[in-house]
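# Overview (structure and organization)
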Amino acid sequence: MLQKIEVKLPQKEYPIYIENGLLTQIGTLVREHWTKVQQVALISDSNVAPLYAEKVRIQLTNAGFQVYLYTVTAGEAAKSLGVASSLYDELLGDGFTRSAGVIALGGGVVGDLAGFVASTFMRGLAFIQIPTSLLAQVDSSVGGKTAVDLPAGKNLVGTFYQPDAVLIDPATLTTLSQRYLVEGYAEVVKMAAIASPDFWQLVTQVQSVAAILDLAEALIQASVTFKAKIVMADEKEGGLRQILNFGHTFGHAIEAGANGALAHGEAISIGMVALTQCFEHAGLTPAGMTAKLQQQLAAVGLPLTSKLIGQADFYARIAKDKKNRGGRVNLIYLKAIGEPAIYPMALAELPQFVEENLLAVM
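Residue numbering note: each chain is counted from 1, following its sequence as written. Side-chain atom pairs in this predicted model are given and counted only at pLDDT of 80 or more, local residue features only at pLDDT of at least 70, and totals for whole chains, interfaces and linings cover all residues. Excluded from the side-chain calculations are hydrogens and water; all other atoms, namely the structure's heavy atoms, are used.

Attention now moves to the nonpolar core. Ile16, Tyr185 and Phe250 are the most contacted members of the largest nonpolar core, which has 79 residues in total. Among the elements that line this core, the one with the most residues is helix H6 (residues 178-195), at 11 residues. Residue contributions to this core reach at least three from each of two domains, namely domain 1 (3-175) and domain 2 (179-359). Apart from residues lying up to four places away in sequence, Phe250 is in contact with Gly271, Ala274, Leu275, Cys278, Phe314, Ile318, Leu331, Leu350 and Val354. Membership of the second largest hydrophobic core comes to 25 residues, among which are Leu22, Val40, Val67 and Ile103. Put simply, buried Ala, Val, Leu, Ile, Met, Phe, Trp, Tyr and Cys residues joined by side-chain atoms within 4.5 Å make one nonpolar core. Burial classes: relative accessible area under 20% of the type maximum marks a residue as buried, over 50% as exposed, and values in between as partly exposed (1.4 Å probe, protein chains only). Only DSSP runs of H or I reaching four residues or more are called helices, and only runs of E reaching two or more are called strands; each is numbered from the N terminus. Each domain's limits were defined by an automated method or a database of domain assignments. For this analysis, residues touch if any pair of their heavy atoms sits within 4.5 Å.

Written out as structure tokens, the structure is:
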């Protein structure tokens, strides 16, 4: 059954649709939202395009759109100003105007890149997300964040640019490798931990990789409903939306330090555990919370530790993170499941905090 979740913001309202088999309705749904758009840039990557691009292109063509497919090389390296620039050149070469639309068909990298291109080309084109990975379906496709990376770090150049719709078909998860299915699940665990005991209860039913697929629709719906609520309360991450960074301050530094050896969700898994251990040892998070997280993440084989934590460049990367504000970083910790809190800390104090509450007790 088609689920519809509304995101209502001061400048924009848009729906998120979730249904198994939704890809067979793409033409109808896109035409419903884009009555005046004729030209469509379908941006995908070398992993996803062979699986789904032709199916989507045929439906969009049948719905009356002129469709141009642009395929980037799969992987984080596609999120660069160079790739964005080459896409601008292609759009210009194909005669795109301000009345055109961009559709992102792929995971988080494609969504971030296509959204960035849509938001900046000719000061903004219509934009729709069709996320095909679990990570993108539960997190990055919702909320309007777009970005490309710089050599200094991830997501350092970007915009807030809300899509006209997000179209989620959980059936696309069956073509994901096990590693990337599990990686996306780390973000589901994050959402559940900060959202509510009810959502956490749903997550505890996942005791194997197969269970992620069995419960995919319910997990996606719970994640998207919660994220939409947070985004509606704080669109530009001025306050409350920062809670979605639970595990990310450490996680991004670990991911960057791993030089491609860890996927985003794997690094976030480690980041959540390390941070919770710190706050639990410091007495701000209740005893047993770290074990609870570890149990849930380990059930599907997610990593829990990294030797990168505490190294000098670990702190240097945190200092460069865009979430660092004026020499301070806001760490998100759990007072209880469903009760996240923000702990502002001076960057200068972070090494001692980690040393005393994590490294000394490992």
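A few words now on the sheet that holds strand E6 (residues 126-131). A sheet is described by the order of its strands in space; here seven strands give the open sequence E1-E2-E9-E6-E5-E3-E4, paired in mixed fashion. Across the chains shown, the open sheet's two edge strands, defined by having one partner strand only, are strand E1 (3-8) and strand E4 (66-72). Taking the axes of each pair of neighbouring strands and ignoring which way they run, one obtains an average angle of 15° across the sheet. Set on the sheet, helix H3 (residues 81-93) makes contact with strand E3 (39-45) and E4; between it and E4 the angle comes to about 155°. At least two bridges found by DSSP between two strands is the condition for calling them paired. Interaxial angles span 0 to 180 degrees and are taken between N-to-C directions of axes, which are lines fitted to C-alpha atoms, for helices over the stretch in contact.

With that settled, consider unusual backbone geometry. If you check the backbone angles, Asn155 has positive phi at about 60° while not being a glycine. The class for Asn155 is buried, based on a relative accessible area of 16%.

Think of a 1 Å grid over just the protein atoms. A cavity is a set of points where a 1.4 Å probe fits yet cannot get out, a pocket is an open set with protein on both sides within 12 Å along at least five of seven lines, and lining residues have an atom within 4 Å of a point. Grid points are joined across faces, edges and corners, and a volume is the space filled by probe spheres set on the points. A full pass over the atoms with the stated rule returns three cavities of 30 Å³ or more. Estimates place the volume of the largest cavity at around 60 Å³. Lining of the largest cavity is provided by Glu237, Gln242, Asn245, Thr249, Lys323, Arg325, Val329, Asn330 and Ile332. Counting residues per element, the lining of the largest cavity draws most heavily on strand E10 (residues 328-336), at three residues. Lys, Arg, Asp and Glu make up the charged group, whereas Ala, Val, Leu, Ile, Met, Phe, Trp, Tyr, Cys and Pro make up the nonpolar group; the residues left over, Gly among them, are polar. Here the residues of the lining of the largest cavity sort into two nonpolar, four polar and three charged.

Before going further, it helps to spend a moment on the packing of helix H10 (residues 248-257) against helix H13 (residues 312-320). Direction vectors running N to C along H10 and H13 enclose 120°, while the axes themselves pass 9 Å from each other. With respect to H13, the axis of H10 lies oblique. Crossing angle aside, the handedness with which H10 passes H13 is right-handed. Seen from H10, the contacting residues are Thr249, Phe250, Ala253, Ile254, Ala256 and Gly257; seen from H13, they are Phe314, Arg317 and Ile318. Oblique is the label for any angle not under 35 degrees, not over 145, and not in the 65 to 115 range, which are roughly parallel, roughly antiparallel and roughly perpendicular in turn. In this scheme the handedness of a crossing depends on how the near helix is turned from the far one: anticlockwise by less than a right angle means left-handed, clockwise means right-handed.

UniProt marks Glu187, His248 and His264 with the feature "binding site: Zn(2+)" (unreviewed entry), using the numbering shown here. On the basis of their most widely separated C-alpha atoms, the annotated residues across 78 residues gather in one place, lying no more than 10.1 Å apart. By secondary structure assignment, the location of Glu187 is in helix H6. Assessed through its relative accessible area of 0%, Glu187 is described here as buried. When neighbours within four sequence positions are excluded, Glu187 is seen to be in contact with Leu135, Val138, Asp139, His248, His264 and Ile268. Relative to the helices and strands, His264 resides in helix H11 (residues 264-281). What makes His264 buried here is its relative accessible area of 13%. Beyond its immediate stretch of four places on either side in the chain, His264 contacts Leu135, Lys154, Glu183, Glu187, His248, His252 and Glu255. UniProt positions are given in the numbering used here, feature names are shortened, and annotations may be inferred rather than shown by experiment.

Before going further, it helps to spend a moment on the pattern of salt bridges. Here a salt bridge means any side-chain nitrogen of Lys or Arg lying within 4 Å of a carboxyl oxygen belonging to Asp or Glu. Applying the stated criterion across every chain yields a total of 14 salt bridges. For Glu187, the salt bridge goes to Lys190, with nearest N and O atoms at 2.9 Å. One end of the pair, Glu187, and the other, Lys190, are both in helix H6, three residues apart, so they sit about a helical turn from each other. The class of Lys190 is buried, set by a relative accessible area of 1%. One salt-bridge network, held together by shared partners, links Glu76, Lys79, Asp112, Asp149, Lys154 and Glu255.

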